[in-house]
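# Understanding the architecture of this molecule
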Amino acid sequence: MTKGKETYYATTPIFYANAEPHIGHAYTTTLVDVATRFHRLKGDNTYFLTGTDEHGEKIQKAAEANNMSPQEYTDMIAGKFKSTWDSLDIRYDDFVRTTQERHKKVVREILQKVYDNGDIIFGEYGGLYCLGCERYYTDKELKDGKCPQHDTKPEYRSEENYFFRMEKYRPWLQDHIKQNPDFIRPERYANEALGILREPIGDLSISRPRNRVPWGIPLPWDENHVTYVWFDALINYYSALDSKNLIDEYWPHVNHFIAKDILKPHGIFWPTMLKSAGIDIYPHLNVHGYWLIDQGKMSKSKGNVINPLDLKDKYGVDAFRYYLLKDMHFGSDASFSEEGLAERINSDLANDFGNLLNRTLGMLGKYTEGKVPGITKIEEIDHDLISSFTKLPEIFTEYFDNLEFDKAISAVLEAIRKANKYIADTEPWVLAKDENKKARLETVLTNCVEALRCASILLEPVMPNKTRELRKQLGIKNIPFNLASAAEWDLVPVNTQTQKGEPLFPRIDLEALKEETVVKEVVLEHKPEVTIDDFAKLEFRVAEILSAEEHPKADKLLVLNVQLGPEKRTIVSGIKEWYKAKELAGKKVIIVANLKPVKLRGILSEGMIMAAEDEDGNLSISSLDRDIISGSEVR
Ligand code: ME8
């Protein structure tokens, strides 16, 4: 099974530094963390790169909206990404920021190479541009005239720019994808890329006039233009290594991980850029699906953007990581729900894994003074159990190599369920009653300890803390901890002292959870067309904010006390990012007054404040230009 030491270099996208990390960012980053931890367990030489994408118009605007300079703003957001990754136990080797000198230098070098190669020309271009994606769209790519990612109408732009002669490389890229089935995975995304390449891809505009977008890397041969943000950002995967002289060691082994939203820049722009610059093409682009909320996209306007730290605080980091990996099949979309997360914890972690540990420790405490007694009397049923565990590393590796992380975890859980059944079948409590069956009892209990030890190795990449805690309770120290040792049996020394501790995964009370979910703060369905009767069902009214305070249990919510005619009401609103509690008193706003009250993180909200939202998700509450009495109807 051990193939010897391999090299594994894995990357996440560098996330836009214009908003805080959400569950989608957390997924890719956790996934890469799990993959690199797994390779470390195998003994491979690994390197894990993440970072932030900090240039371009979108970032420039976000900084302006927050009254900060772009550098101050991106420093703040990069800090939030780093601290979130620390809280989620993400162990990256390098965090690259595109505003760092080390990155800018390499971008300019690569641009110069491509330019010297004759692959950059100057020209004018007009087209439909989505600011959210920071790229032009062809008519065909739009959905009902809108950007499929952001559901917004792109704006027409025409500019004099430099262009990268991408079209020139189209036939080469088509061949490369066809001849290398592992290049873009899973296959459906390779097919999607081939679909794009079936028609001319045109040349890629790679600059922006500096007087309009100053926040970028000036082109080495023309300082009046800055580099287009995608041309700049993609190079991070190379620049970060280059700045540490690690290209030779890691570049040939790169595994990019992204979601399907950025397939085109990674599957089309990036390989053609590399080809033109004379750099080897990356070997693997691994593309996962989207986490959906209520079957739709997460968005600030729906108020359903999920902060991973809320979930981590409530359920613990390991359980959250486990859920992310287990409930998404790589390549397909998955539906996030907090109930799903809680049910997953109860079934797999509390009922199966946690229970095996509790029962084992409980029986050891009762029958052997907590000491691991050792294996002496093996029977057929034991062989069955032993082989279910010792063959796991091989199965696990195969699933990981195929990017089937959910199946790898399921295989371990299946073995854990077998171990629970093994206890039911061997009935240690019956064996304990008969002095002649002591050897058999000891063997059964030790097999359970070994099963837990093996499972704890395989699950370590996903749950590094709980598996450490488990080994502590089992008293396991100083024995090999790597993938190879998970294929061995009977390694825990006889007489090792175990110590039962707190349950690893307390059960979640699902009934109580219904009252208080972290997510789904306010979900507004977008219904494209409404009749006047539908509209008449909603009651819009003027309300005066009397006072506001921070929600004690949510980072992004304010609790507002409002006057609505004679009535006082409480409204929980997600406007905290844009308004300080104390500046709201006295403002008159428009609210939807007849919504069914909902509890938001434990506080009953009796209405919703209307707010305008721009493309970047910045909110502004509607105010009235003349004083009007609270309670007045808005029609
Ligand atoms: O695109 N489900 O940055 P970004 C799963 N800066 N993953 C999701 C997700 C979801 N609902 N939403 C986002 C950019 N992601 C560029 C990248 S790379 C050279 C430049 C994850 O902040 C997923 O990894 O919009 C997706 O590809 C990425 O966040 C997009 O992050």
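Up top you'll find the structure we're talking about.
What you are looking at is a predicted structure, and each value in this text was computed from that prediction instead of being measured.

Let us look at the pairing of strand 3 (residues 45–53). Along strand 3, nine of the nine residues are buried, which leaves the element largely enclosed by surrounding structure. Bridge count between strand 1 (residues 7–11) and strand 3: five bridges; the pairing is parallel. For Thr 11, the partnering residue across the bridge sits in strand 3 and is Leu 49. Both strand 3 and strand 4 (residues 94–97) contribute to a ladder of four bridges, which runs parallel. Residue pairing for strand 4: Gly 51 is matched across the bridge by Val 96.

Attention now goes to the nonpolar core. Within the largest apolar cluster, 164 residues are counted, with the highest numbers of intra-cluster contacts made by Ile 184, Trp 251, Trp 270, Phe 353 and Phe 389. Split by domain, the residues of this core number at least three in each of domain 1 (7–288) and domain 2 (338–487). Among the nonpolar cores identified, the runner-up in size contains 18 residues, and Ile 545, Leu 558, Val 589 and Ile 621 belong to it.

As a further point, take the site of the ligand. Every one of the 23 residues lining the ligand counts as a neighbour, but Ile 14, Thr 28, Asp 53, Asp 261 and Trp 291 are closest to it. Within the side chain of Thr 28, an N or O atom sits 2.6 Å from an oxygen atom of the ligand. Taken by itself the ligand offers 670 Å² of open surface, and the protein chains cover 94% of this. Where the shell around the ligand is concerned, the elements lending two or more residues are strand 2 (15–16), helix 1 (23–42), helix 7 (229–234) and helix 8 (236–242). Class assignment of the residues belonging to the shell around the ligand gives a composition of 13 nonpolar, eight polar and two charged.

Along the chain, Asp 182 turns up in the loop between helix 5 (170–179) and strand 8 (184–185). In sequence terms Asp 182 and Pro 283 are 101 residues apart; their C-alpha atoms lie 7.6 Å from each other.

Before going further, it helps to examine unusual backbone geometry. Here Arg 185 and Pro 186 are connected by a cis peptide whose omega angle stands at -10°. You can see Pro 186 is positioned in the loop between strand 8 and helix 6 (187–197). Even without being a glycine, Asp 89 presents a positive backbone phi close to 60°. Along the chain, Asp 89 turns up in the loop between helix 3 (70–87) and strand 4.

Whenever strands of a sheet pair, they do so through backbone hydrogen bonds, lying parallel or antiparallel. Pairing within the open sheet is antiparallel, and its three strands lie in the order 10-12-11. Here the strands that pair on one side only, and so sit at the sheet edges, are strand 10 (207–209) and strand 11 (218–219). As judged from the two bridges shared by strand 11 and strand 12 (residues 222–227), these two strands associate in the antiparallel manner. In the sheet register, Pro 218 faces strand 12, and the bridge partner there is Val 226.

One can describe the packing of helix 2 (residues 57–65) onto helix 3 by two numbers: an axis separation of 9 Å at closest approach and a directional angle of 95°. Comparing their axes, helix 3 and helix 2 come out roughly perpendicular. Listed contacts from helix 3 to Ile 59, Ala 62 and Ala 63 of helix 2 are Pro 70, Tyr 73 and Thr 74. Taken together, the residues that form the contact of helix 2 with helix 3 break down as five nonpolar, one polar and no charged.

On to the sheet that holds strand 5 (residues 120–130). Spatial ordering of the open sheet is given by 6-5-7-9, a layout of four strands whose pairing is antiparallel. Strands with a single pairing partner mark the edges of an open sheet, and in this sheet they are strand 6 (135–137) and strand 9 (204–205). Bridging between strand 5 and strand 6 involves three bridges; their strand directions are antiparallel. Of the residues in strand 6, the one forming a bridge with Cys 130 is Arg 135.

What counts as what
Residues numbered from 1 in each chain as written. Predicted model: local features only at pLDDT ≥ 70, side-chain atom pairs only at ≥ 80, totals over all residues. Heavy atoms only, no water. Buried < 20%, exposed > 50% of the residue type's maximum accessible area, 1.4 Å probe, protein only. Helix = DSSP H or I, 4+ residues; strand = E, 2+ residues; numbered from the N terminus. Pairing = 2+ DSSP bridges. Core = buried A, V, L, I, M, F, W, Y, C linked by side-chain atoms within 4.5 Å. Domains from an automatic or database assignment. Near = heavy atom within 4 Å. Polar contact = N/O pair within 3.5 Å; in protein donor to acceptor, adjacent residues only side chain to side chain. Areas by Shrake-Rupley, 256 points an atom, 1.4 Å probe, with all protein chains shown as cover. Nonpolar A, V, L, I, M, F, W, Y, C, P; charged D, E, K, R; others polar. Axes fitted to C-alpha atoms, helices over the stretch in contact; angles between N-to-C directions. Parallel < 35°, antiparallel > 145°, perpendicular 65-115°, else oblique. Contact = heavy atoms within 4.5 Å.

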